[in-house]
Amino acid sequence: MSTWDPAVLEALIEEVTVDAYGEDEQLTAFFTMIEESLAVPFATTVLGVEVNVVGVDLAEDGRVVARCVRGPVRQDIGILDLPLPEPAPEGSQWIEAHRYWAR
């Protein structure tokens, strides 16, 4: 659950979607803002295993995904499902705004 104030998240959503028409353009706008703002790489824990998030991408099915790496294994995880570490990396406010928008 986000600790961000809903008013702050709504302001971020307004900022990122102001020129985006329709859900597809809004999703692309979130992806672009996350890609440009998120400080990578960073470590987080997924299902009890530490992974490194090395970037983000827009999947063929339209989801924003985090590119996760552990040794030679690579796995994309939906950004909405990605647990963020404490402290969260710089730019993670855009992930939280995307979660709030997608709910």
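Refer to the preceding data block for the structure.
Residues numbered from 1 in each chain as written. Predicted model: local features only at pLDDT ≥ 70, side-chain atom pairs only at ≥ 80, totals over all residues. Heavy atoms only, no water.

Visitor: What am I meant to see in the packing of helix 1 (residues 6-17) against helix 2 (residues 22-37) here?
Guide: If you want to describe how two helices pack, look at the angle between their axes and the distance between the axes. The N-to-C vectors of helix 1 and helix 2 enclose an angle of 105 degrees; their axes lie 9 Å apart at closest approach. Between helix 1 and helix 2, the angle is such that the two are roughly perpendicular. Packed against helix 1, whose contacting residues are Ile13, Glu15, Val16 and Thr17, the element helix 2 presents Gln26, Ala29, Phe30 and Met33 at the interface. (Axes fitted to C-alpha atoms, helices over the stretch in contact; angles between N-to-C directions. Helix = DSSP H or I, 4+ residues; strand = E, 2+ residues; numbered from the N terminus. Parallel < 35°, antiparallel > 145°, perpendicular 65-115°, else oblique. Contact = heavy atoms within 4.5 Å.)

Visitor: Would you mind showing me how to read the packing of aromatic side chains here?
Guide: Between two aromatic rings, the relevant description is the distance of the centres plus the angle of the planes. Using the criterion set out here, one finds one aromatic pair in the structure. Above the plane of the ring of Tyr100 lies Arg103, whose end atom (NZ or CZ) is 3.9 Å from the centre. (Phe/Tyr/Trp six-rings, centres within 6.5 Å; stacked < 30°, edge-to-face > 60°. Lys NZ or Arg CZ within 6 Å of the ring centre and 35° of its normal.)

Visitor: Looking at this structure, how should I read the nonpolar core?
Guide: Within soluble globular proteins, side chains that are nonpolar generally end up buried alongside one another. If you look at the biggest cluster of nonpolar residues, it comprises 26 residues, and the most contacted ones within it are Ile34, Cys68, Ile79 and Leu82. Residue assignment for this core shows that the elements contributing at least two residues are helix 1, helix 2, strand 1 (42-46), strand 2 (49-58), strand 3 (64-70) and helix 3 (93-102). Among the elements that line this core, the one with the most residues is helix 2, at five residues. Among residues more than four places away in sequence, those in contact with Leu82 are Phe42, Thr44, Val46, Val53, Ala66, Cys68, Ile77 and Arg99. (Core = buried A, V, L, I, M, F, W, Y, C linked by side-chain atoms within 4.5 Å. Buried < 20%, exposed > 50% of the residue type's maximum accessible area, 1.4 Å probe, protein only.)

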